[in-house]
Amino acid sequence: MSQGVEGGGSIVLRWQLAAALKELREQAGLTQEQAVERLRAGDGRWSRSKLSRVEIREHNIKPREVEQIFAAYCISDKKKLESLTRLATAASEPGWWAGFSNDEVPASLRPLLSLESGLMARRDFQSQLVPGLLQTGEYTRAVIDVVNPWMFSPVEVERRVAARMVRQQIITKENAPQFHFILDGTILHRVVGRKAVMRDQMRKLLDVSERENVTIQVLPHDGGGSPGLEGPFSILSLPEPTPDIGYAEGPAGTAYIEDRARVRTLTMRFGMLAGAALSQAESLEVIAEAAERFL
């Protein structure tokens with residue numbers, strides 16, 4: 001996991017706040033040493049390392065500390081102060097996943113959920129399974145039964161399914177992010193659970209694809225080699241000035257990729273996959289045919 005990606009409140013809001021506070025210091029013409037000297041003369045406990053951690057997104061700053069920074073930097077913009085103190089408050093509020101245990105929403109997934117809370121767009125390639133954001137409840141149950149048999153009690157399974165269904169609200173909420181999913185064609189042929197489960201899953205893909213913020217493409221399973229052979233991955237686009245972040249998960253765990261060169265590689269790879277995949281219209285025809293096969 002890349003440094004700075006944690007699973008508390010909203011990571012995106014915290015990063016936006018950090019960038020805004022650093023910009024305020026620079027606009028005031030202060031070095032970190034000068035800023036800390038002013039901060040120490042006021043209320044609160046400040047050090048060079050604390051201010052540095054604030055600006056590099058490692059310290060979750062409190063609203064009163066935002067007020068202390070405004071006073072130290074001699075900034076009198078009340079609207080800006082109110083905006084950033086609200087941001088500090090919102091950044092520390094627990095996400096919806098706080099109501100679920102680590103068995104129900106794994107700790108490794110929580111940073112992703114936090115990033116999703118401020119997401120602008122997501123590009124996602126999957127090679128084995130329907131993406132979690134597009135799964136039906138029955139498909140999710142079938143995946144859990146196949147991947148982790150006997151690991152969870154029936155109650156725990158239902159709680160994990162419920163968490164996934166709640167997470168899917170990100171697709172339908174007001175001002176929802178843009179989503180672009182590419183599914184390897186083998187996903188449409190692999191029966192997970194019963195045929196009825198697959199039929200309903202294919203129908204859900206068709207239903208979700210009707211939304212303006214969702215694009216679904218299918219990579220033909222008989223198309224030979226592709227840049228997707230190394231496995232599934234996602235690219236998360238966040239509000240400026242935060243750059244895109246790569247994400248991948250597998251049996252060895254999850255990875256959050258912030259290195260610019262590696263993210264560029266993922267972006268190029270996704271572009272090549274989109275070019276090799278069927279168009280959305282063609283993809284939906286293939287998905288509809290798959291739904292018919294599972295009758």
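A few points on the structure. (Residues numbered from 1 in each chain as written. Predicted model: local features only at pLDDT ≥ 70, side-chain atom pairs only at ≥ 80, totals over all residues. Heavy atoms only, no water.)

Some points on the packing of aromatic side chains
Evaluation of the coordinates by the stated rule reveals 4 aromatic pairs. Between Phe179 and Phe181 the ring centres are 5.8 Å apart and the planes differ by 5 degrees, which places this aromatic pair in the stacked class. Take Phe179: its relative accessible area is 2%, and that puts it in the buried class. Note on Phe181: relative accessible area 1%, which makes it buried. An angle of 85 degrees between the planes, with centres 6.4 Å apart, marks the rings of Phe233 and Phe270 as edge-to-face. Of this pair, Phe233 sits in strand β4 (residues 233–237) while Phe270 sits in helix α11 (residues 260–276), placing them 37 residues apart in sequence. Here the guanidinium or amino end of Lys50 rests over the ring plane of Trp46, the centre of that ring lying 4.4 Å away. Above the ring of Phe294, the side-chain terminus of Arg293 is found at 5.9 Å from the ring centroid. (Phe/Tyr/Trp six-rings, centres within 6.5 Å; stacked < 30°, edge-to-face > 60°. Buried < 20%, exposed > 50% of the residue type's maximum accessible area, 1.4 Å probe, protein only. Helix = DSSP H or I, 4+ residues; strand = E, 2+ residues; numbered from the N terminus. Lys NZ or Arg CZ within 6 Å of the ring centre and 35° of its normal.)

Description of the packing of helix α4 (residues 63–72) against helix α5 (residues 78–92)
Remark: α4 packs on α5, axes separated minimally by 8 Å, with the N-to-C direction vectors making an angle of 150 degrees. By the angle between their axes, α4 is roughly antiparallel relative to α5. In this structure, α4 crosses over α5, and the sense of that crossing is right-handed. Contacts between α4 and α5 involve Pro63, Val66, Glu67 and Phe70 on the former and, on the latter, Lys80, Leu81, Leu84, Thr85, Ala88 and Thr89. Of the residues that constitute the contact of α4 with α5, the class distribution is 6 nonpolar, 2 polar and 2 charged. (Axes fitted to C-alpha atoms, helices over the stretch in contact; angles between N-to-C directions. Parallel < 35°, antiparallel > 145°, perpendicular 65-115°, else oblique. Left-handed = near helix turned anticlockwise from the far one by under 90°. Contact = heavy atoms within 4.5 Å. Nonpolar A, V, L, I, M, F, W, Y, C, P; charged D, E, K, R; others polar.)

Structural notes on the pattern of salt bridges
Going through the model one piece at a time under the given rule, you end up with 12 salt bridges. For the salt bridge of Arg123 with Asp244, the shortest nitrogen-to-oxygen distance reads 3.0 Å. Of this pair, Arg123 sits in strand β1 (residues 121–126) while Asp244 sits in the loop between β4 and β5 (245–250), and the two are 121 residues apart along the sequence. The exposure class of Arg123 is partly exposed, given its relative accessible area of 21%. In this structure, the salt-bridge partner of Arg141 is Glu158, at a minimum N-O distance of 2.8 Å. Taken as a pair, Arg141 in helix α7 (residues 137–147) and Glu158 in helix α8 (residues 154–167) lie far apart in primary sequence, 17 residues in all. Take Arg141: its relative accessible area is 23%, and that puts it in the partly exposed class. Taking relative accessible area as the criterion, Glu158 reaches 38% and is therefore assigned partly exposed. Overlapping salt bridges bring together Glu116, Arg122, Asp124 and Arg167 as one network. (Salt bridge = Lys/Arg side-chain N within 4 Å of Asp/Glu carboxyl O.)

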